Amino acid sequence: MKTIPLLILFLFAFLSCGQDSNNAIQDSEGGKKKPLAAPKDTEISNMVQEISVDSIRAYIGTMVDFGTRHSLSDTVSDTRGIGAARRWVKSKFEEFGKASSGRLKAILDPYVVQKSGRIPHDVLMKNAMATLKGTDPDDDRVLIVSGHLDSRVSDVMDAERDAPGANDDASGVAVVMELCRVMSKREFPLTIIFVAVQGEEQGLFGATHLARKCRQDSINVIAMFNNDIVGNTISSNTNIKDSTRVRVFSETIPAFETDNMRRLRRRTGAENDSKSRQLARYIKELGESYVENFEVVLNYRTDRFLRGGDHTPFSRNGFTAIRMCEINENFVHQHQDIRVEDGIQYGDLPEFVDYNYTAKVARVNLAAMANLAYAPYEPQNVGLKFNLNNNTTLVWDKPKGKEPAGYNILLRETYQSNWEQKIYVTDTTATIPYSKDNYFFAVQSVDADGHSSLPVFPRPVR
Ligand SMILES: [Zn+2]
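Residues numbered from 1 in each chain as written. Predicted model: local features only at pLDDT ≥ 70, side-chain atom pairs only at ≥ 80, totals over all residues. Heavy atoms only, no water.

Peer 1: Before we move on, could you go through the pairing of strand β12 (residues 392-397) and cite the residues and values that matter?
Peer 2: Sheet analysis places strand β11 (residues 380-385) next to β12, joined by three bridges and oriented antiparallel. Bridged to glutamine 380 within β12 is aspartate 397. Linking β11 back to β12 in an antiparallel pair, the connection comprises six residues. The pairing of β12 with strand β15 (residues 429-432) spans four bridges and is classified as antiparallel. Paired with threonine 392 across the bridge in β15 is isoleucine 432. (Pairing = 2+ DSSP bridges. Helix = DSSP H or I, 4+ residues; strand = E, 2+ residues; numbered from the N terminus.)

Peer 1: Outline the coordination of the zinc ion, listing residues and values.
Peer 2: For the zinc ion, the protein coordination sphere consists of His148 (NE2), Asp168 (OD), Asp228 (OD) and Asp228 (OD), at 2.0 to 2.7 Å. What the four donor atoms of the zinc ion show is an angle range of 52 to 147 degrees at the metal, which sorts the shape as irregular. Each donor residue of the zinc ion belongs to the same chain, with the gaps between them written as H-x19-D-x59-D. In this pair, histidine 148 sits in strand β3 (residues 141-148) while aspartate 228 sits in the loop between β5 (220-227) and β6 (245-249), placing the two residues 80 residues apart along the sequence. Classification of histidine 148 by relative accessible area gives buried; the value is 0%. (Donors = N, O, S within 2.8 Å, 3.2 Å for Na, K, Ca; no water. Tetrahedral: all angles 85-135°; square planar, octahedral: opposite > 155°, others 65-115°. Buried < 20%, exposed > 50% of the residue type's maximum accessible area, 1.4 Å probe, protein only.)

Peer 1: With reference to specific residues and values, describe the UniProt feature "domain: Fibronectin type-III" (unreviewed entry) in the protein.
Peer 2: UniProt's entry tags residues 378-462 with the feature "domain: Fibronectin type-III" (unreviewed entry), counted in the numbering of this structure. What you have in residues 378-462 is 0% helix and 47% strand, and the ends, taken at the C-alpha atoms, are 22 Å apart. (UniProt positions renumbered as here; feature names shortened; annotations may be inferred.)

Peer 1: For helix α11 (residues 355-374), give the residues involved together with the corresponding values.
Peer 2: The terminal C-alpha atoms of α11 lie 28 Å apart, and with 20 residues this matches the ideal 28 Å at 1.5 Å per residue to within 8%. With 18 of its 20 residues buried, α11 lies for the most part within the structure. In this structure aspartate 354 caps α11, since a side-chain oxygen of it lies 3.3 Å from the backbone nitrogen of asparagine 356. (Expected span 1.5 Å × (residues − 1). Polar contact = N/O pair within 3.5 Å; in protein donor to acceptor, adjacent residues only side chain to side chain.)

Peer 1: Requested: an account of the nonpolar core, with residues and values cited.
Peer 2: Counting 77 residues, the largest nonpolar core has Phe93, Met183, Phe194, Phe225, Ile283 and Leu366 as its most contacted members. By residue number, the principal contributor to this core is α11, which donates 14 residues. In this view, leucine 366 contacts Ile44, Met47, Val48, Ile51, Leu179, Val182, Met183 and Asn371; residues no more than four positions away in its chain are not counted. Judged by nonpolar contacts, the second largest core, of 16 residues, contains Tyr407, Val425, Val443 and Val456. (Core = buried A, V, L, I, M, F, W, Y, C linked by side-chain atoms within 4.5 Å. Contact = heavy atoms within 4.5 Å.)

Peer 1: So what's going on with the domain arrangement of the protein? Which residues, and what values?
Peer 2: As assigned here, the protein comprises domain 1 (6-34 + 379-461) and domain 2 (43-374). Centre-to-centre, using C-alpha coordinates, domain 1 lies 32 Å away from domain 2. Counting residues at the interface gives 19 residues for domain 1, matched by 20 residues for domain 2. For the pair domain 1 and domain 2, the summed buried surface comes to about 1,600 Å²; carbon and sulfur atoms form 54% of the total. The largest contributions to the domain 1 side of the interface with domain 2 come from His451, Leu454 and Phe457, which together make up 34% of the buried area. Seen at the junction of domain 1 and domain 2, the total is three salt bridges. (Domains from an automatic or database assignment. Buried area = accessible area lost by both parts, 1.4 Å probe. Salt bridge = Lys/Arg side-chain N within 4 Å of Asp/Glu carboxyl O.)

Peer 1: Can you lay out the packing of helix α3 (residues 53-65) against helix α5 (residues 166-183) for me, pointing to particular residues and giving the numbers?
Peer 2: Here α3 crosses α5 at 130 degrees, and the two axes come no closer than 9 Å. The orientation of α3 relative to α5 falls into the category oblique. For α3 against α5, the interelement crossing comes out right-handed. For the pair α3 and α5, contact is made by Ser55, Ile56, Tyr59, Ile60, Met63 and Val64 and by Ala166, Ala170, Ser171, Val173, Ala174, Met177, Glu178 and Arg181, respectively. (Axes fitted to C-alpha atoms, helices over the stretch in contact; angles between N-to-C directions. Parallel < 35°, antiparallel > 145°, perpendicular 65-115°, else oblique. Left-handed = near helix turned anticlockwise from the far one by under 90°.)

Peer 1: Could you give an account of the pattern of salt bridges, naming the residues involved and the relevant values?
Peer 2: Per the stated rule, a full pass over the model turns up 31 salt bridges. Note that arginine 141 is salt-bridged to aspartate 139, the shortest N-O span being 2.8 Å. Across the pair, exposure class does not vary: arginine 141 and aspartate 139 are buried alike. Note that glutamate 329 and arginine 247 form a salt bridge whose closest N and O atoms lie 3.2 Å from each other. In this pair, glutamate 329 sits in the loop between β8 (321-326) and β9 (339-341) while arginine 247 sits in strand β6, placing the two residues 82 residues apart along the sequence. Given a relative accessible area of 11%, arginine 247 falls into the buried group. What emerges from the salt-bridge pattern is a single network uniting Asp228, Arg247, Asp303, Arg304, Arg307, Arg323 and Glu329.

Peer 1: Got a sec to walk through the sheet that holds strand β16 (residues 439-446)? Specific residues and values, please.
Peer 2: Ordered by their spatial adjacency, three strands build an open sheet running β14-β13-β16, and the pairing between neighbours is antiparallel. Two strands in the sheet have a free side with no partner beyond their single neighbour: β14 (421-425) and β16. In this sheet, neighbouring strand axes are inclined to one another by 25 degrees on average, regardless of whether the strands run parallel or antiparallel. By the bridge criterion, eight bridges tie strand β13 (residues 406-413) to β16 in an arrangement that is antiparallel. From the neighbouring strand, glutamate 413 faces β16, where its bridge partner is tyrosine 439.

Peer 1: Describe the pairing of β8, with residues and values.
Peer 2: The element β8 is extensively covered by neighbouring structure, given that six of its six residues are classed as buried. Side chains Ala321, Arg323 and Cys325 project from β8 onto one buried face, and the interleaved Ile322, Met324 and Glu326 project onto a second face that is buried too. With four bridges joining them, β6 and β8 adopt antiparallel strand pairing. Bridging across to β8, valine 246 finds its partner in glutamate 326.

Peer 1: So what's going on with the environment of tyrosine 434? Which residues, and what values?
Peer 2: The residue tyrosine 434 is located in the loop between β15 and β16 in this model. Expressed as a C-alpha distance, the spacing of tyrosine 434 and phenylalanine 352, which sit 82 residues apart in the sequence, is 50 Å. In this structure the side chain of tyrosine 434 is engaged in a polar contact, spanning 3.3 Å, whose partner is the side chain of glutamine 421.

Peer 1: How would you sum up the confidence of the model for the protein? Please name residues and give values.
Peer 2: On average, residues of the protein score 93 in pLDDT, and 92% of them reach the 70 mark or higher. Note that pLDDT drops below 50 for residues 1-32; the model gives that stretch 48 contacts with residues more than four away or on any other chain. (pLDDT = per-residue confidence, 0-100.)

Peer 1: Please provide a residue-by-residue account of the sheet that holds strand β4 (residues 191-197), values included.
Peer 2: In sheet architecture, strand pairing relies on hydrogen bonds along the backbone and comes in two forms, parallel and antiparallel. Pairing within the open sheet is mixed, and its eight strands lie in the order β1-β2-β4-β3-β5-β8-β6-β7. Single-partner strands in this sheet number two, and they are β1 (104-113) and β7 (295-299). Adjacent strand axes in the sheet meet at a mean angle of 25 degrees, parallel and antiparallel pairs treated alike. Bridging between β5 and β8 involves four bridges; their strand directions are parallel. Along β8, the bridge assignment pairs phenylalanine 225 with isoleucine 322.

In structure tokens, the structure reads:
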């Protein structure tokens, strides 16, 4: 890529596009490639600025004050246990909803979890959920952002002992709440669901309930953002201090895959192009465009080694879902009884949360979610023509809904992690001088202000 002569680029831009090609690759010095940057939107910048460190600190403080939020803990008390905690989250959603002109509806969404492994008897659980209705009645798209409200100590069955869960996962719920506060004042064509699930530590029950419901009701969830453990910046054991990076976990091989999908993946070499991976790259581009000095690191796996989270049931049900998580965890402050041993303080206490860091993670979520929420639907039937020709022809159909101003063709060399170049076109077909044998491509819809849909990886067509 470094050696593509500028002449070809100019010729190409002139002949095939006739559009300003928003491409961020070659710097003419032949130096290091700059990452792609999204066009900035003033309203998104304003929202990003409105994310408040103090609000996040206050939410986490209140959640910790419920003593324990274990899924089997007290549901009657107004001051202690999961019942009080979920009612409080709902009441905060209702408070934020006052700025939404009646578009935000908060509920406690109930479900019964039957006796099984970490559930000693049938339990009625409830997710605290707020739905910000889209302003376009014809827009059926939904974004979901979640964190888990329940907490635990060393013994996952211990529902009595104090389990502050300040980082795991009051930090994630605080992100969800702050996004709700800032976003519910605005209007988006599509619908956004803000949810604090429970039952995560006992077996991802709240997220499983919601994912199944979305599938059964054929809800068009275009992206699900799980925020779990997003507040610690010092790693245990290795003592690395890093407040400048966050991980986005996305599945490589989709959990939901038919035989045909698997065959196609193998034939087209699409192992690094699952829908979740596209979302992860999108979050990286948008997050790094709007949040200064902060890096979004793609982690090429569904979750951490042998561990899981609330995005997993969404992936299993065929939805595009990722997990945001701090760059290095601290196991002295995770799933631990509060105690001092050999002078070391154990427990998931609020003094170990870096609120500035959590706010940055919230801003990354916001930049990606808001951009998606303003964007047109993604292009349909995106295809890559199979022929023995070193030019590559892509074809697609206009999306439903608002007509895009144009489309970005994204491309990268096969060994690259992130998209390297954007080529803007206004037609629904394009032939570009990059070999399909050496590059991967995707197409996204773009509106006049530059809001882009998720990229769609093409299927082969004749
Ligand atoms: Zn967690």
